[in-house]
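Reading the structure
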Amino acid sequence: MPGLLRGVARTAVVAGTATAVSNRVSRRQAGRWAQQSEPQQAPPQQPPAAAPAPAAAPSAPGDAMSTKIEQLKQLGDLKAQGVLTEEEFAAEKAKLLA
């Protein structure tokens, strides 16, 4: 019975993490699409703003990195609680960092 509970708990955490990441990626992508469509709809009289584009690019890797760090923390917590074995933790960590 403890093995079944461990499997169910692991599945719930992985599914919850995947859902949270998927939702965040969807929201971020929708925001990017909205930003890309705004300059196309702007009147041609306005000069293109070059400054916001470089500012947006560095924030994306930071968001991705903070998401990975958060997921690694969650995996570490699961390992510390005994939900994940060392091998399972290493496999999930390798997937995240790949």
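So, here is what we can say about the structure in this document.

A short note on the overall build of the chain
When helices and strands are counted, the chain shows three helices and zero strands. In the chain, which comprises 98 residues, the share counted as buried stands at 10%. Considering only intrachain contacts with a sequence separation of at least 6, the fraction spanning at least 24 residues in the chain is 71%. As presented, the chain carries roughly 7300 Å² of accessible surface, and 63% of it is formed by carbon and sulfur atoms.

Quick notes on the environment of T17
Mapping T17 onto the fold places it in helix 1 (residues 2–41). We classify T17 as buried; its relative accessible area is 19%. Counting along the chain gives 57 residues from T17 to Q74, while the straight-line C-alpha distance between them is 8.8 Å. Leaving out residues up to four positions away in the same chain, T17 has contacts with Q71 and Q74. In this structure the side chain of T17 is engaged in a polar contact, spanning 3.1 Å, whose partner is the side chain of Q74.

A word on the packing of aromatic side chains
Per the counting criterion, the structure on display carries zero aromatic pairs. Taking NZ or CZ as reference, K79 lies 4.9 Å from the ring centre of F89, over its face.

Details of the nonpolar core
In a soluble, globular protein the nonpolar side chains are often hidden away together inside. Core analysis: the largest hydrophobic core is formed by six residues, namely L75, L78, V83, L84, F89 and L96. The set of elements that each furnish at least two residues to this core consists of helix 2 (52–81) and helix 3 (86–97). When residues no more than four places from it in sequence are discounted, the contact partners of L96 are K68, Q71, L72 and L75.

Thresholds applied
- Residues numbered from 1 in each chain as written.
- Predicted model: local features only at pLDDT ≥ 70, side-chain atom pairs only at ≥ 80, totals over all residues.
- Heavy atoms only, no water.
- Helix = DSSP H or I, 4+ residues; strand = E, 2+ residues; numbered from the N terminus.
- Buried < 20%, exposed > 50% of the residue type's maximum accessible area, 1.4 Å probe, protein only.
- Contact = heavy atoms within 4.5 Å.
- Areas by Shrake-Rupley, 256 points an atom, 1.4 Å probe, with all protein chains shown as cover.
- Polar contact = N/O pair within 3.5 Å; in protein donor to acceptor, adjacent residues only side chain to side chain.
- Phe/Tyr/Trp six-rings, centres within 6.5 Å; stacked < 30°, edge-to-face > 60°.
- Lys NZ or Arg CZ within 6 Å of the ring centre and 35° of its normal.
- Core = buried A, V, L, I, M, F, W, Y, C linked by side-chain atoms within 4.5 Å.

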